[in-house]
Amino acid sequence: MKSLSERDEKHLWHPLTQHKLHPKMLGISKAKGAVLYDENGKEYIDGISSWYTAMYGHCNEAIIDRVYQQMQRLDQVVFSGFTHEPAVALSEALIPLLPANQEKLFFSDNGSTSTEIGIKMALQYHHNKGKKRSVLLAFEDGFHGDTFGAMSVSSLSVYNGPFEDYFIEVKRIPVPTDDNIGSLLHDLENNIDLGFIAGFIYEPLVQGAAAMKMHRAEHLEKILKLIKSHGVLAIADEVMTGFGKTGKHFASDYMEVKPDIICMSKALTAGMLPMAVTSCTQEVYDAFYSDDIAKGLFHGHTYTANPLACSAALAGIELLKSEAIQKNISRIIQWHQEFDAEIKDHPKVAATRQIGVIYALDLNIAMERYGNVRDKLFKHFMDSGVFLRPLGNTIYILAPYITTKEQMQKIYSSIKEVLANF
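Rules used throughout
Residues numbered from 1 in each chain as written. Predicted model: local features only at pLDDT ≥ 70, side-chain atom pairs only at ≥ 80, totals over all residues. Heavy atoms only, no water. 1 Å grid on protein atoms, 1.4 Å probe; cavity = no way out; pocket = protein on both sides within 12 Å on 5 of 7 lines; lining within 4 Å. Points joined across faces, edges and corners; volume = space filled by probe spheres on them. Helix = DSSP H or I, 4+ residues; strand = E, 2+ residues; numbered from the N terminus. Nonpolar A, V, L, I, M, F, W, Y, C, P; charged D, E, K, R; others polar. Domains from an automatic or database assignment. Phe/Tyr/Trp six-rings, centres within 6.5 Å; stacked < 30°, edge-to-face > 60°. Buried < 20%, exposed > 50% of the residue type's maximum accessible area, 1.4 Å probe, protein only. Contact = heavy atoms within 4.5 Å.

Caption draft 1: Expanded view of the layout of surface pockets. Of the voids in this model, the largest pocket is the one considered here, and its volume is about 1900 Å³. Forming the boundary of the largest pocket are 49 residues, of which Pro15, Thr17, Met25, Phe378 and Arg389 lie nearest the centre. Every element with two or more residues in the lining of the largest pocket is listed here: helix H1 (4-11), strand E1 (28-32), helix H2 (49-52), helix H7 (157-160) and helix H13 (372-383). When residues in the lining of the largest pocket are grouped by element, the largest group, eight residues, is from H13. Residues of the lining of the largest pocket, tallied by class, amount to 26 nonpolar, 13 polar and 10 charged. Of the residues that make up the lining of the largest pocket, three or more belong to each of domain 1 (4-59 + 323-421) and domain 2 (63-321).

Rendered as structure tokens:
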């Protein structure tokens, strides 16, 4: 019988893959907890929670049971004109978890659509108020997804290059640092006409696809305070950072100035089913509340607020709030700090950084984001039984909250082997 890899190669087209260079895919047959199992039975510790989704571990029985129970009552129903218990219950559980100014939830399918909707909310908010604000503000090196609005506000050309002629207009500013925050605020105040900016979309504190590039809350807060004083809506892309990864429920919780719109997906449904939410303030919602039907937000997805996905999200929120998971998060933060103290001064380490359970180190080695040297790094980790996906010379860890100390030590050991032998 042919392997999964051989059968895959005939028909399937994979994301972020140049198939002529990388035609073979590894067949994964099952997963449990923090471990993936390939079709030959080899184990891999999932050091990135399968792109930051399965934060409570794979095949978590509490989540499976909740989805199974819901599956027997209501599997799918149109969310235009109907509602259902899992969606209402999720709103009642999620709103108290969010920053206090958030009041309304709009459902969609994935991270890209959650940011797409956030962008459309910002543009139409001003349109509905009769104001001409058609430009967006975004950070350099940001990544917000693969749909056209999301690509427009992203700036990693490796993803967006062929499409840049078709984007909406965006002004970009550098990520704030101790050195540039003064000049950045000056430029915002004097060199960018904020009166034409509809919204500022940003990944709060951590730019995931930019190799876990981090910035300080106090600097971001100054930017938010300035743009909001000019009527610009703040759109926090918490698709990666949300649901506990930064040590708080949301990265926006580190700041007193709160976003007007928040984009969520990934860990929202604990890696069980695809779903996204875009939340907003009552003020944003009220700009769409009108006798004029054209002022409504005419955006919809077939699987909007799917009952099974809502049930998975409810179970995930219960786990996130549990004493056991919060203790696990604290333990992982401590383990990362201890590991950092051990390796941060190594001559092959250019820099390290951490917030919450997110840990990243830059190797003092020049390499392409998706090149041969990076591929050798990836192979080393997989041969070691550890699934990590280096972003160029950046190695990062974002393992499930249920990862054991022994499993985390195996991840650390595989990185120390790179430092010793690579």
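Caption draft 2: Representation of the packing of aromatic side chains within the structure. Summed over all chains, the structure comprises 12 aromatic pairs. When the ring of Tyr56 is compared with that of Tyr401, the centres are 5.7 Å apart and the planes differ by 65 degrees; the resulting orientation is edge-to-face. With Tyr56 in the loop between H2 and helix H3 (61-71) and Tyr401 in the loop between strand E16 (394-397) and helix H14 (405-421), this residue pair connects regions lying 345 residues apart in the sequence. Each member of the pair, Tyr56 as well as Tyr401, is classed as buried. Ring centres of Phe378 and Phe387 lie 6.4 Å apart, and the angle between their planes is 80 degrees; on these two criteria the pair is classed as edge-to-face. Residue class for Phe378 comes out partly exposed when judged on its relative accessible area of 23%. Of the residues examined, Phe387 reaches a relative accessible area of 15% and is grouped as buried.

Caption draft 3: Up close: the side chain of Thr113. Structurally, Thr113 can be placed in helix H5 (residues 111-128). In this structure Thr113 comes out as buried when scored by relative accessible area, which is 7%. Sequence-distant contacts of Thr113, defined by excluding residues within four places in its chain, comprise Ser108, Ala276 and His301.

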